[in-house]
Amino acid sequence: MTASARELADATPASRDRYVDLLRVASLGTVVLGHWLMAAVSSAGIGNLLALLPRLQLLTWGLQVMPVFFFVGGFSHALSYRSLERRAAGRPVYAVFLRARLRRLLRPTLVFVLVWAVLALAVQLAGADRGPLAAAALRMVTQPLWFIGIYLAMVALTPPLLRAHARWGWGAFAALAGAAALVDVLRFALHVPYAEFLNFAFVWLAVHQLGFLRADGRIRRPALLGGAGLAGAVLLVAAGPYPLSMVGMPGEKVSNMAPPTLALLCHGMWLVGAVQLLARPAAALLARPRVWRGVVAANGVAMTAFLWHLTAMLGVYAAQLALGLALPEPATAAWWAQVPVRILLAAGLTALLVACFRRFEAPSRTPAAAAGPATPAAGPAAALGTTLCLLGILGLSTTGLGGLLEGHTAVLIALPVTAPAAIGMALAGAWLVERSASARRVRLRG
């Protein structure tokens, strides 16, 4: 059985950092809104509004808030792993930690993937995937899954990085930031092939490390952190070769996102500093019961809403075409006039999809239990399962779901991958993680 938002809110301990929950919801909500705004859909296909209107790319310095989500993840992972270690009384906890952390993330994700795989196969068997709009939709609907793959890596690497944090504190963050800078030197100055892909780890893990620092109360000068990050981002973009946009643009030679760059890490630093400055006034707001219940309710469906928000947006456009309504050219006055209506309709359809699929994300009423004994092979099995999951999900975000019948492939770093192979890896990895630890339920802090 699932617990209601009111029950969870009323059971919140006084020690819980409620601001972190607000940041998690707000960051995902901002990403969803950004995707709805940036999608420039016409009869010719799906483009990007920021590519059509480059002057709007400065907005990504406020709308690209994925660093905040990963920062919150670091905070939560630190609290969760330490809590589990205290209760384990010396027993191995790695597999239990991975299973407990990944379960609520993987279940809604894999349901989304399987539902869309069936839909994509049906569309292709019916021959309805040849139009530019349908082909673009099948390609883009899985693209946001990249962040889930990165998040899985963060969960898996939490124990060693937490030990590095305990020993070196800010030095561990500085080492990751320095490694990210070195990778950019190898990439842009020395042109070392494939070196740029290392920054998928260094940049995002550095942001994740900031979450550890917050968990220990060690971000004492957020204005300094934010100011240094903002100054660094401005200087890097002004000097080049870093682009202005903090999200990927179609056809660009250099992206700050894929792979991440030092400029994106600086962007993440200024965002973390900014949200830290807002923590105190937000805490007073979150002390109000109604506000806190709203945050709890939103947290309970945030991942489901994120997974299905592009589906809802595509559904709105499909309905518009089915009704014979013309799609205005993007960025025209008629297009802008439809934006508020499209967003409201997409929000309503997302709510319907959340109502259908929220059960796969819902927390349980089952009381917390201590972790059961782990076998020596449990940790390696859980790590292997997590690796398969992240490779499968990253692969699927790269390939999309078009060309299932033709064996369409895409390159993940340097390896070709197909959508069926990616789905198979994700399912096999999830099974390994699920089987690696005790079936007894464990409730983690954070």
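About the thresholds
Residues numbered from 1 in each chain as written. Predicted model: local features only at pLDDT ≥ 70, side-chain atom pairs only at ≥ 80, totals over all residues. Heavy atoms only, no water. Helix = DSSP H or I, 4+ residues; strand = E, 2+ residues; numbered from the N terminus. Buried < 20%, exposed > 50% of the residue type's maximum accessible area, 1.4 Å probe, protein only. Lys, Arg positive; Asp, Glu negative; His and termini not counted. Salt bridge = Lys/Arg side-chain N within 4 Å of Asp/Glu carboxyl O. Contact = heavy atoms within 4.5 Å. Pairing = 2+ DSSP bridges. 1 Å grid on protein atoms, 1.4 Å probe; cavity = no way out; pocket = protein on both sides within 12 Å on 5 of 7 lines; lining within 4 Å. Points joined across faces, edges and corners; volume = space filled by probe spheres on them. Phe/Tyr/Trp six-rings, centres within 6.5 Å; stacked < 30°, edge-to-face > 60°.

Once that is clear, we can look at the side chain of Glu-196. Note that Glu-196 resides in the loop between helix 9 (170-189) and helix 10 (199-215). The charged side chain of Glu-196 is buried without a salt bridge, its nearest counter-charge being Arg-187 at 4.9 Å. Excluding anything up to four places from it in sequence, Glu-196 contacts Val-183, Arg-187 and Pro-259.

Of the two faces of strand 1 (residues 39-42), both are covered, the one formed by Ala-39 and Val-41 as well as the one formed by Ala-40 and Ser-42. Here strand 1 folds back onto strand 2 (residues 45-48) in antiparallel fashion, the turn holding two residues.

Counted under the stated rule, the structure contains five cavities of 30 Å³ or more. Estimates place the volume of the largest cavity at around 60 Å³. As for the largest cavity, its lining consists of Trp-36, Met-313, Val-316, Tyr-317, Arg-342, Ile-343 and Ala-346. When residues of the lining of the largest cavity are traced back to their parent elements, those giving at least two are helix 15 (302-322) and helix 16 (333-357).

Along the polypeptide, Asn-299 turns up in helix 14 (residues 289-299). A relative accessible area of 12% means that Asn-299 is categorised as buried. Considered as a pair, Asn-299 and Val-25 are 274 residues apart in the sequence and their alpha carbons are 5.9 Å apart. The residues contacting Asn-299, other than those within four sequence positions of it, are Asp-21, Arg-24, Val-25, Arg-104 and Glu-361.

Throughout the structure, instances matching the rule amount to 17 aromatic pairs. Centre to centre, the rings of Phe-112 and Trp-308 are 4.9 Å apart; their planes meet at 85°, and the pair counts as edge-to-face. Taken together, the positions of Phe-112 in helix 6 (residues 94-125) and Trp-308 in helix 15 put the pair 196 residues apart, joining distant regions of the chain. Comparing Phe-112 with Trp-308, the two get one shared label, buried. Ring centres of Trp-308 and Phe-357 lie 4.4 Å apart, and the angle between their planes is 10°; this geometry places the pair in the stacked category. Linking Trp-308 in helix 15 with Phe-357 in helix 16, this pair joins segments that are 49 residues apart in sequence. Trp-308 gets classed as buried once you look at its relative accessible area, which sits at 3%.

Counting through the fold element by element, Leu-22 comes out in helix 2 (residues 18-38). Judged by relative accessible area, which is 25%, Leu-22 ranks as partly exposed. Leu-22 has contacts with Ala-282, Leu-286 and Val-295, leaving out every residue within four places of it along the chain.

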